[in-house]
Each structure stands twice: as structure tokens, then as C-alpha cells.
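Tertiary structure, described
In case you want the letters, here they are:
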Amino acid sequence: MNFSASPVRRVILCADDFAVNASASRGIAELAVAGRISATSAMVLSPRWAQDVALLEPVRNRIDVGLHLDWTSEFSLSQGHGLSLGRAMLKAALGGFDRRVARTVIDHQLDLFEAHWQAPPDYVDGHQHVQQFNGIRQALVQALTDRYAGHSGRKPYLRLSRAPVGQADMKARVIAVMGVDALERIASPAGLAGSSALLGIYDFTGDQASYGQAMTQWLAQAPTGSIIMCHPAQAAESGDGIGPARVWEFAYLNGDDFPVALHAAGVEVVRGRDALLAR
């Protein structure tokens, strides 16, 4: 998607939570086909993953498809390893997750990803940013190194959940303190690239207009190689705590104002290989 003759910054726009429910999967696929996003993260523990993956086939090799590593959703709870976010954060802070157990969980999710996508993930991030929690981050780097060292393509890149310098609110600070610096320190020597920053962090309150205003700010702040995360869906489904926000995010990203905002900010939405190489 190129709305500027000479884009100043190349940014990844990633739709999280593919397969969390039918409306999210359909909305994300629609935005991908329209060229409005450049990546999506799959919740492979969801029963929907095996069927909804077909929605992404038309955009294979046009967007990045990654693993949304999961320890804190209802899907992970049903698998037996899940925890509430609060308990997971406490466990990470008080000694960390058992790395051998974490490795088993990570391999299982990578297996599920590959079984249905028939390819390794382009990147790995985490539901509620668990990819950087103590014990999980070490197991993740080791798993990606072991599994893809001899892979013909690039190793998966990692989301580093760190706001741009000077732009971190309290929520962003809490996310970062859970281990983004530690993840970066072990990923780089292992040959795993990471994003330069993460934007799109907010409390899921407001409406479509306020989301558009926030997106304008994120686009202005986003450095090359950064990720702007979003959580779109065509409709709000029962039991989805952020359902209304998903709907207004989808409407904005699918509307006429978004490409105008991209052009005004001098931002080009691209895949990771193009954003990270441009840094």
C-alpha cells in the first residue's frame, strides 16, 4: 500500500487476534485483501484457527502471518497452561515461568500454526505481550533458533512491545517493564530481528472518531520498523470484552479517512521484511 511517492517511514500495521472469533477473522481478512493491514497474528489455540486460516489464503505472501503466543486467553485456560493476566505477570516477576514447560507450550503452538498454515510464522508476538515474560522469552528464543536455524527463509522476527521514546503512557510502561529489554538482549545474538517500537496501545474506550484521532498520533510518532497493533472485527460478538472497540477499529481502517491519514503522515504500511530492512 503506497500512498506517498517518497514515504518517510515504513511501518507494520498488525491486526491481532485472528481466529479469536468469526467476526474478527472475517474483518481481518477483509482488511488484508483491501491492503489496509500488512500483518496478522493468529490465536492457534482457538478452535476456529483450523477453518478460519482459509480466509488468509488469498493474501499469502502479501501480508505477514504470525503466531500470537497465548498464555492468558480462554483458549489457553482450556489447554491447561493458561493463567489470568495478573497471575501470569506475578509469576513472571517472582522467578519466572519454568523454561522447559514453556518450551513445550511454545512448540505446541508453533506446531499448530505450521499444521494449518503450512509454513513457519513470519513473526511471533504474544497475546497480552506474554512473549517477553521471564521464562517464556528464553524458551521462545531457543525454540525459534532450534526450529528455524536451517530454514531457507528468514527467521521469524519478534514484536518488541516498547513505545517510541518519549511516548510511553502508564499502560505502555507496564507492558515494557515485563521484559522487552531482556527479550531484545537475547534475541539479537540469536539472529532474531525485532521491531523498533510498538504503537496502538490504548484502553479500548472511546468511539470511531477518537480512534481515528489516536491513529493520527500513532502514525506521526511511528518510527520506521515499528508496529502499530490493532484489533478489528466486523461485529461485536457476545462475550468479547473489547467487542465495541473492534468494530470501530474495523470501520476506521476500512474507511476513507485512513489512507488520507497515512498520506498526511508520510507513512507506508509494509511487511516486516521491508520495514525492518529499512531501519
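About the criteria used
Residues numbered from 1 in each chain as written. Predicted model: local features only at pLDDT ≥ 70, side-chain atom pairs only at ≥ 80, totals over all residues. Heavy atoms only, no water. Phe/Tyr/Trp six-rings, centres within 6.5 Å; stacked < 30°, edge-to-face > 60°. Helix = DSSP H or I, 4+ residues; strand = E, 2+ residues; numbered from the N terminus. Buried < 20%, exposed > 50% of the residue type's maximum accessible area, 1.4 Å probe, protein only. Axes fitted to C-alpha atoms, helices over the stretch in contact; angles between N-to-C directions. Parallel < 35°, antiparallel > 145°, perpendicular 65-115°, else oblique. Left-handed = near helix turned anticlockwise from the far one by under 90°. Contact = heavy atoms within 4.5 Å. Nonpolar A, V, L, I, M, F, W, Y, C, P; charged D, E, K, R; others polar. Patch = residues over 30% accessible without salt bridge, like charges linked within 9 Å, V, L, I, M, F, W, Y side chains within 5 Å. Areas by Shrake-Rupley, 256 points an atom, 1.4 Å probe, with all protein chains shown as cover. Salt bridge = Lys/Arg side-chain N within 4 Å of Asp/Glu carboxyl O.

1. Some thoughts on the packing of aromatic side chains
For the structure on display, the rule yields ten aromatic pairs. Where Tyr-123 meets Tyr-157, the ring centres are 5.2 Å apart and the plane angle is 25°; that geometry is what we call stacked. Of this pair, Tyr-123 sits in strand E4 (residues 123-126) while Tyr-157 sits in strand E5 (residues 157-158); the two residues are 34 residues apart in sequence, bridging distant segments of the chain. Ring centres 4.9 Å apart and planes at 50° place the aromatic pair Tyr-202 and Phe-204 in the tilted group. Overall, the relative accessible area of 21% leaves Phe-204 in the partly exposed class. An aromatic cluster of three or more residues is present, and its members are Tyr-202, Phe-204, Tyr-211, Trp-218, Tyr-252 and Phe-258.

2. Let's talk about the packing of helix H6 (residues 136-148) against helix H8 (residues 180-187)
Orientation of H6 relative to H8, taken along the N-to-C sense of each, is 25°, at an axis distance of 10 Å. Classified by the angle their axes make, H6 and H8 are roughly parallel. When you trace H6 past H8, the crossing you get is right-handed. Residues Arg-137, Gln-138 and Val-141 of H6 pack against Ala-182, Leu-183, Ile-186 and Ala-187 of H8. For the contact of H6 with H8, a count of residues per class yields five nonpolar, one polar and one charged.

3. Points about the environment of Val-260
Secondary-structure assignment places Val-260 in helix H11 (residues 257-265). Distance in space between the C-alpha atoms of Val-260 and Thr-104 is 45 Å, their sequence separation being 156 residues.

4. Focus: a nonpolar patch on the surface
Together, Met-170, Val-174 and Val-177 make up an exposed nonpolar region whose accessible area comes to about 300 Å². Inspection of the secondary structure assignment puts Met-170 in helix H7 (residues 170-177).

5. With respect to the pattern of salt bridges
Counted according to the given criterion, the structure contains 16 salt bridges. The residue Arg-159 makes a salt bridge to Asp-16 at a minimum N-O spacing of 2.8 Å. With Arg-159 in the loop between E5 and H7 and Asp-16 in strand E1 (residues 9-18), the pair connects residues that are 143 residues apart, well separated along the chain. Residue Asp-16 is classed as buried on the basis of its relative accessible area, which comes to 2%. Here Arg-246 makes a salt bridge to Asp-17, at a shortest N to O gap of 3.0 Å. Residue Arg-246 is found in helix H10 (residues 243-253), and its partner Asp-17 is found in strand E1; the two are separated by 229 residues along the sequence. On the basis of relative accessible area, Arg-246 is assigned to the buried category, the value being 3%. When its relative accessible area of 3% is taken as the criterion, Asp-17 is described as buried.

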